[in-house]
Amino acid sequence: MAQRLSTAEEYEALLEKHDTWLFDCDGVLWKGDHVIEGVTQVLDLLRRRNKKVVFVTNNATKSRKTLLAKFKDLGVQAHVDEVYGSAYTAAVYISTVLALPKHLKVYVIGQSGLEEELHAEGIQTLGGTDPADNTLAPFNLNPESWKPDPDVAAVVCGLDTKVNYTKLSKAFAYAQKEGCHFIATNTDSTYPSSYGLLPGAGSISAPLRYALGKDPVVCGKPSGTMLDVIKAKIHFDPARTIMVGDRLNTDIEFGKHGGLATLLVLTGITAESDITGPNASPTVPDYVVQSLGDLRLADKA
Ligand SMILES: O=C(O)[C@H](O)[C@H](O)COP(=O)(O)O
Ligand SMILES: [Mg+2]
C-alpha cells in the first residue's frame, strides 16, 4: 500500500532519502501554462540541498529547446542537460538504436518539437508540419494525387493537434510496408490542460494501431528507452533516486521498472479513487502527496 505523506517531518524524511529527483512535467510542475502552487519553492529547496534534478516528460510537442523556453517563461529554473522529452528519446532511438541510414526518411504525425529533435539527429522527415499534409481535402491512393516516397523507413507518431485523414492514411500506407518501423513517442491516453483533460498522444496513434493491427515501439515513459537515454547522460544511484509523477501507467511504472522509488501527486491525471477502494489500479506508488508544492513544508521540520 502506498504511504500517504502529509507532515513536514514526513516530507523532510523523503528529502533525506533521495539524492536524485526525476520529475514528470504536465500535471506535476504545471497544467498547461499554470505552474502548480509551491513547485518553484520545492525545486529551489532541492537545489539548495544539492539534489540532482531531472525533468522527464512524455510531451512530444516540444523539443528540449522549446521545453527550456517554457521553463523560462513560467519562471522554473532548468538547464538543457536536465530536460528529457519523448521527442528527443524517439530521435535518439531512431539515430542510434535503429541507426537509420541518412538517406532514409521518417514520416511524422506530430508537431514542430518532434521535427526539431529528429532534424537535430540528422533525420530527414516528411509530413508533420508540412502544409501539404495539414489539409482537410479528401485523401485517396490514386497515383496521380500521391506518390509514396520509397525512402520512408519509419513512421513516428506523437501528439498532433492537427491530425487529419491525410496524415493517418500516409502513415498507414508507409507503416504497412515490409520493414517499415512503427514508433510512438508516447501513448498517454489523455493530458491535463489548464482547463481539463484532452486526448493525448496515445489517442492520436490509436487509429493507426487499430488499422495496422499492431502496436508501435514506445520511446517515452514507461519504456526503458527513456531511462536508457537518461542513464547515458546522467549518473545516478537508483537506490537513492525517486520518480515523481501524476500518471500511474507511465510515470509510476517507469520508476518501478527502473528500480526507483515512486511518488504520486494528485494534481494531474490520477484521482484518489484510482488508488483506493475496490477499483484501485494494480500499480501502487511508494508514496502519495496531494501536490508536489506541499514538499516545501520540509524546510519547517
Ligand atoms: O499525450 C501527451 O503527449 C502527454 O499526455 C503529455 O504531454 C504528458 O506529459 P508528461 O505528463 O509526461 O509531462
Ligand atoms: Mg504528467
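Residues numbered from 1 in each chain as written. Chains lettered and ligands numbered in written order. Predicted model: local features only at pLDDT ≥ 70, side-chain atom pairs only at ≥ 80, totals over all residues.

**Things to note about the sheet that holds strand β8 (residues 124–127)**
Either a parallel or an antiparallel arrangement is found when strands of a sheet pair, and the pairing is made through backbone hydrogen bonds.
Then, in step 1: Sheet architecture is open: five strands sit in the order β8-β7-β9-β10-β13, paired in parallel fashion. Two strands close off the open sheet at either side, each with one partner strand: β8 and β13 (217–218).
Then, in step 2: Sheet analysis places strand β7 (residues 105–109) next to strand β9 (residues 152–157), joined by five bridges and oriented parallel. Looking across to β9, one finds that V106 is bridged to A154. (Pairing = 2+ DSSP bridges. Helix = DSSP H or I, 4+ residues; strand = E, 2+ residues; numbered from the N terminus.)

**Quick word on the nonpolar core**
Then, in step 1: In this structure, F23, A90, V155, V156 and V244 are the most contacted members of the largest nonpolar core, which totals 76 residues.
Then, in step 2: Sorting elements by how many residues they give to this core places helix α4 (residues 86–97) first, with seven residues.
Then, in step 3: Built from parts of two domains, this core gets at least three residues from each of domain 1 (3–58 + 222–300) and domain 2 (94–218).
Then, in step 4: Ignoring sequence-local partners within four residues, the contact set of F23 consists of V28, L29, F55, V56 and V244. (Core = buried A, V, L, I, M, F, W, Y, C linked by C-beta atoms within 7 Å. Buried ≥ 20, exposed ≤ 12 C-beta atoms within 10 Å, placed from the backbone. Domains from an automatic or database assignment. Contact = placed C-beta atoms within 7 Å.)

**Observations regarding the domain arrangement of the chain**
Then, in step 1: Under the domain assignment, the chain is made up of domain 1 (3–58 + 222–300) and domain 2 (94–218).
Then, in step 2: Inter-centroid distance (C-alpha atoms) of domain 1 to domain 2 is 30 Å.
Then, in step 3: Listed by partner, the interface residues are twelve residues for domain 1 and eight residues for domain 2.
Then, in step 4: By residue class, the composition of the side of domain 1 that touches domain 2 is one nonpolar, seven polar and four charged. (Nonpolar A, V, L, I, M, F, W, Y, C, P; charged D, E, K, R; others polar.)

**So, the UniProt feature "binding site: substrate" (unreviewed entry) in the chain**
Then, in step 1: This chain's UniProt record puts "binding site: substrate" (unreviewed entry) on K221.
Then, in step 2: By the secondary structure assignment, K221 is in the loop between β13 and α8 (224–233).
Then, in step 3: The residues touching K221, leaving out its near neighbours within four places in the chain, are V56, N58, N186, M226, T250, D251 and F254. (UniProt positions renumbered as here; feature names shortened; annotations may be inferred.)

**Comments concerning unusual backbone geometry**
Then, in step 1: With an omega of 10 degrees, the peptide bond between K221 and P222 qualifies as cis.
Then, in step 2: Looking at the element boundaries, P222 is found in the loop between β13 and α8.
Then, in step 3: One non-glycine residue with positive phi stands out, namely N50, at about 60 degrees.
Then, in step 4: With 7 C-beta atoms counted inside 10 Å, the residue N50 sits in the exposed group.
Then, in step 5: Although it is not a glycine, A99 adopts a positive phi angle of roughly 45 degrees.
Then, in step 6: Relative to the elements of secondary structure, A99 occurs in the loop between α4 and β7.

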